[in-house]
Amino acid sequence: MTERTLIKNLAAATDGPVSVSGWVDTVRDQKKVQFVVLRDESGAVQLVNPRLSGDDGVTIPDKLSDTISGLAQGTFLTATGELKHDERVKLGGVEVKLTAIGIAGAANPETPIADDSGVDKRMDWRFLDLRQPKNNLIFRIQTTLEHAWRTYWVENDFIELHTPKLMASASESKAELFEVDYFEGKAYLSQSPQFFKQMAQPAGFGKIFEIGPAFRADPSFTSRHATEFTSVDSEISWIDSHEDVMKLHEDLLVAGFQAVKDKHGAEIEAMFGVEVTVPSAPFPRIPLAEAKRIVAERGYEVPRHDDDMDPEGERQISAYVKETFGHEFVFLTDYASSIRPFYHMRHEDDPSLTKSYDLIFNGVEISTGAQREHRVELLVAQAKDKGLDPEELDFYLDFFRFGVPPHGGFGMGLSRVLMLMLHLTNIRESTYLFRGPTRLLP
Ligand code: AMO
């Protein structure tokens, strides 16, 4: 049997016997000739089968032609034949003249989704939806991005962690917590690796990272929230302030975006109409209070019911930064202690503000980072201040009772980065399998 050739390699292969495997994209069943466009993970190629005909020009039925006539779109098959370069063939300048087809997995002839199906319907049939080259590209980009980040971390002596996702308590807020039965008692799904990534600091690991699942029992149906998402986390010791965390964050994003642009820039432009911009460091930094003033000057008052920036405010400040600095990223810094978790360090000269930031990319928050409070008396006081019971947090507070260096880090939503990089309108598009309040399948 001829060895399988990936479709993207056909152009560089020499004419002659060839075997390709993939799924049927389209069949054009004409009187004199049949065409099948076959797609695999690397591209698409035209297969051709001239029908046999007698001296009188009437086609003679044969098994191969019948097989082709009966092919349903989506059927997985192996095709063998003769590769022929022909510049008149629009699709890649090559075609395969068929000698045989071996069906590996026939598809149901109904097509449950169409190009104009809504996002929820497409999510119902995600495995079919993912066959679209555009969707396939999203996950190749994701692979490149994660690889570039890992390379950065590994080259800079970070240790990779896999913290447990079954927890005894909440790490972020009690509001968005999934509770699960755990033998005689209860456990909670991890909302963030926060506590256990911080534990690596008293453990003496120095610099760590993790890419792993996080769970939030958030009942909302927005375009940027999921109940399960992939969190990209890093934590470093011996920092002077959150400024050092932002520097790390910038370096990582520059490395990731550069890798994506180098490898996929042209494809992204062709398929998404988006030019990937490698951000220049340093990214703009704007204290939150100032960002609110800027946004107000643009005519948008951020509602006063909390101290946070709301989604419209994030869009506005991003637009301002784009217009003023030509930058797609902005760090909003110095969030109020009132809206930040107890573990964020507060400013010495103004404890109403934290040494923290949110990173906004093309109008949406992609990350939160901070210097952590590592002085245990202050940490206990801040926990109490938030109405938390220090006894419940004893295991965490212990990390700080046996020596710990100053440290900080960030958590970043992987699918949000991809969504905003590719100008997608919904996190469902950039998540392999989305999880939301009404979606547990597939
Ligand atoms: P935060 O809660 O801001 O911070 O989360 C960090 C980032 O994770 C992503 N994210 C989400 N993505 C999809 N769906 C959700 N429901 C969702 N919730 C959060 C966002 C967000 O910016 N422990 C801190 C981080 C730290 O300080 O290191 C934390 O979890 O991109």
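Residues numbered from 1 in each chain as written. Predicted model: local features only at pLDDT ≥ 70, side-chain atom pairs only at ≥ 80, totals over all residues. Heavy atoms only, no water.

Draft legend 1. Structural context of the overall build of the protein. Assigned secondary structure in the protein consists of eleven helices and 16 strands. Projecting the C-alpha coordinates of the protein onto the three principal axes gives extents of approximately 95 × 60 × 40 Å. Taken across its 442 residues, the protein has 50% of its residues classed as buried. Look at the contacts in the protein between residues 6 or more apart in sequence, and 64% of them connect residues 24 or more apart. When the 48 positive and 69 negative side-chain charges of the protein are each reduced to one mean point, those points stand 4 Å apart. (Helix = DSSP H or I, 4+ residues; strand = E, 2+ residues; numbered from the N terminus. Buried < 20%, exposed > 50% of the residue type's maximum accessible area, 1.4 Å probe, protein only. Contact = heavy atoms within 4.5 Å. Lys, Arg positive; Asp, Glu negative; His and termini not counted. Charge placed at Lys NZ, Arg CZ, Asp CG, Glu CD.)

Draft legend 2. Expanded view of the packing of helix H4 (residues 133-155) against helix H6 (residues 242-272). One can describe the packing of H4 onto H6 by two numbers: an axis separation of 9 Å at closest approach and a directional angle of 155 degrees. In this view, H4 runs roughly antiparallel relative to H6, as classed from their interaxial angle. For the crossing formed where H4 meets H6, the hand is right-handed. Partitioned by chemical class, the residues of the contact of H4 with H6 number 19 nonpolar, three polar and five charged. (Axes fitted to C-alpha atoms, helices over the stretch in contact; angles between N-to-C directions. Parallel < 35°, antiparallel > 145°, perpendicular 65-115°, else oblique. Left-handed = near helix turned anticlockwise from the far one by under 90°. Nonpolar A, V, L, I, M, F, W, Y, C, P; charged D, E, K, R; others polar.)

Draft legend 3. Focus on helix H7 (residues 288-297). Regarding H7, the residues found buried are Leu288, Ala291, Ile294 and Val295. Take H7 and look down its axis: the buried residues cluster within an arc of 115 degrees, on one side only. In H7, the exposed positions that point more than 90 degrees away from the buried face belong to Ala289, Arg293 and Glu297. Among the structural elements, strand S12 (285-287), helix H8 (311-325) and strand S13 (329-333) are those in contact with the buried residues of H7. Glycine 299 lies just past H7 and shows a positive phi near 100 degrees. (Arc of directions from axis to C-beta.)

Draft legend 4. Highlighting the packing of aromatic side chains. Counted under the stated rule, the structure contains 22 aromatic pairs. Among the aromatic side chains, those forming a connected cluster through ring pairs are Phe195, Phe196, Phe342, Tyr343, Phe395, Tyr396, Phe399 and Phe400. Directly above the ring of tyrosine 335 sits arginine 340, whose terminal nitrogen or CZ lies 3.9 Å from the centroid. Arginine 428 extends its terminal NZ or CZ atom over the ring of phenylalanine 434, reaching a point 4.1 Å from the ring centre. (Phe/Tyr/Trp six-rings, centres within 6.5 Å; stacked < 30°, edge-to-face > 60°. Lys NZ or Arg CZ within 6 Å of the ring centre and 35° of its normal.)

Draft legend 5. Examining the domain arrangement of the protein more closely. The domain boundaries assigned to the protein delineate domain 1 (7-105) and domain 2 (126-421). On a C-alpha basis, the centres of domain 1 and domain 2 stand 49 Å from each other. (Domains from an automatic or database assignment.)

Draft legend 6. Structural context of the site of the ligand. Around the ligand sit 22 residues, and of these Gln194, Glu365, Ile366, Thr368 and Arg372 come closest. Measuring from an oxygen atom of the ligand, one finds a side-chain N or O atom of lysine 197 at 2.8 Å. With the chains in place, 92% of the 620 Å² that the ligand exposes on its own is no longer accessible. Sorting the residues of the shell around the ligand by element identifies helix H5 (194-199), strand S15 (364-371) and strand S16 (407-413) as the ones contributing at least two each. Partitioning the shell around the ligand into residue classes produces six nonpolar, nine polar and seven charged. (Near = heavy atom within 4 Å. Polar contact = N/O pair within 3.5 Å; in protein donor to acceptor, adjacent residues only side chain to side chain. Areas by Shrake-Rupley, 256 points an atom, 1.4 Å probe, with all protein chains shown as cover.)

Draft legend 7. Seen up close, the nonpolar core. By size, the foremost hydrophobic cluster in this structure holds 47 residues, and its most contacted members are Trp149, Trp153 and Ile268. Here this core gets nine residues from one element, more than from any other, and that element is H6. Each residue touching tryptophan 153, except ones within four places of it in the same chain, is listed here: Phe158, Phe209, Ile211, Val232, Asp233, Ser234 and Leu252. By size, the runner-up hydrophobic cluster in this structure holds 19 residues, among which are Ile7, Ile68, Ala79 and Val94. (Core = buried A, V, L, I, M, F, W, Y, C linked by side-chain atoms within 4.5 Å.)

Draft legend 8. Empty space enclosed by the protein, seen in detail. Inspection of the entire model under this criterion finds one cavity of 30 Å³ or more. Estimates place the volume of the largest cavity at around 50 Å³. Together, Phe257, Val274, Glu275, Val276, Thr277, Glu328, Phe361, Asn362, Leu420, Met421 and His423 line the largest cavity. Looking at the lining of the largest cavity, its residues break down into six nonpolar, three polar and two charged. (1 Å grid on protein atoms, 1.4 Å probe; cavity = no way out; pocket = protein on both sides within 12 Å on 5 of 7 lines; lining within 4 Å. Points joined across faces, edges and corners; volume = space filled by probe spheres on them.)

Draft legend 9. Spotlight on a nonpolar patch on the surface. Judged by side-chain polarity, Leu166, Tyr182 and Phe183 come together as a nonpolar surface patch covering roughly 370 Å² of accessible area. Summarising the element assignment, tyrosine 182 is placed in strand S8 (residues 179-182). When its relative accessible area of 39% is taken as the criterion, tyrosine 182 is described as partly exposed. (Patch = residues over 30% accessible without salt bridge, like charges linked within 9 Å, V, L, I, M, F, W, Y side chains within 5 Å. Salt bridge = Lys/Arg side-chain N within 4 Å of Asp/Glu carboxyl O.)

Draft legend 10. Quick look at the sheet that holds strand S5 (residues 94-105). The sheet built from five strands closes into a barrel, its strands ordered S1-S2-S3-S5-S4 with mixed pairing. Strand-to-strand twist in this sheet, taken as the mean axis angle between neighbours without regard to direction, amounts to 50 degrees. Pairing between strand S1 (residues 16-29) and strand S4 (residues 76-85): eight bridges, direction antiparallel. When the sheet's bridge partners are listed, valine 20 is paired in S4 with alanine 79. (Pairing = 2+ DSSP bridges.)

Draft legend 11. Region of the structure containing the environment of lysine 84. Here lysine 84 lies in strand S4. Sequence separation of lysine 84 and valine 94 is ten residues, and the distance between their C-alpha atoms is 5.7 Å. If we skip the residues at most four places from it in the chain, lysine 84 touches Asp15, Gly93, Val94 and Glu95.

Draft legend 12. Inspection of the side chain of glutamine 201 at higher detail. Among the secondary structure elements, glutamine 201 is positioned in the loop between H5 and strand S10 (207-215). The buried category is assigned to glutamine 201, whose relative accessible area is 2%. Ignoring any residue separated from it by four or fewer positions in sequence, one finds glutamine 201 in contact with Gly206, Ile208, Glu235, Ile236, Ser237, Val404, Pro405 and His407.

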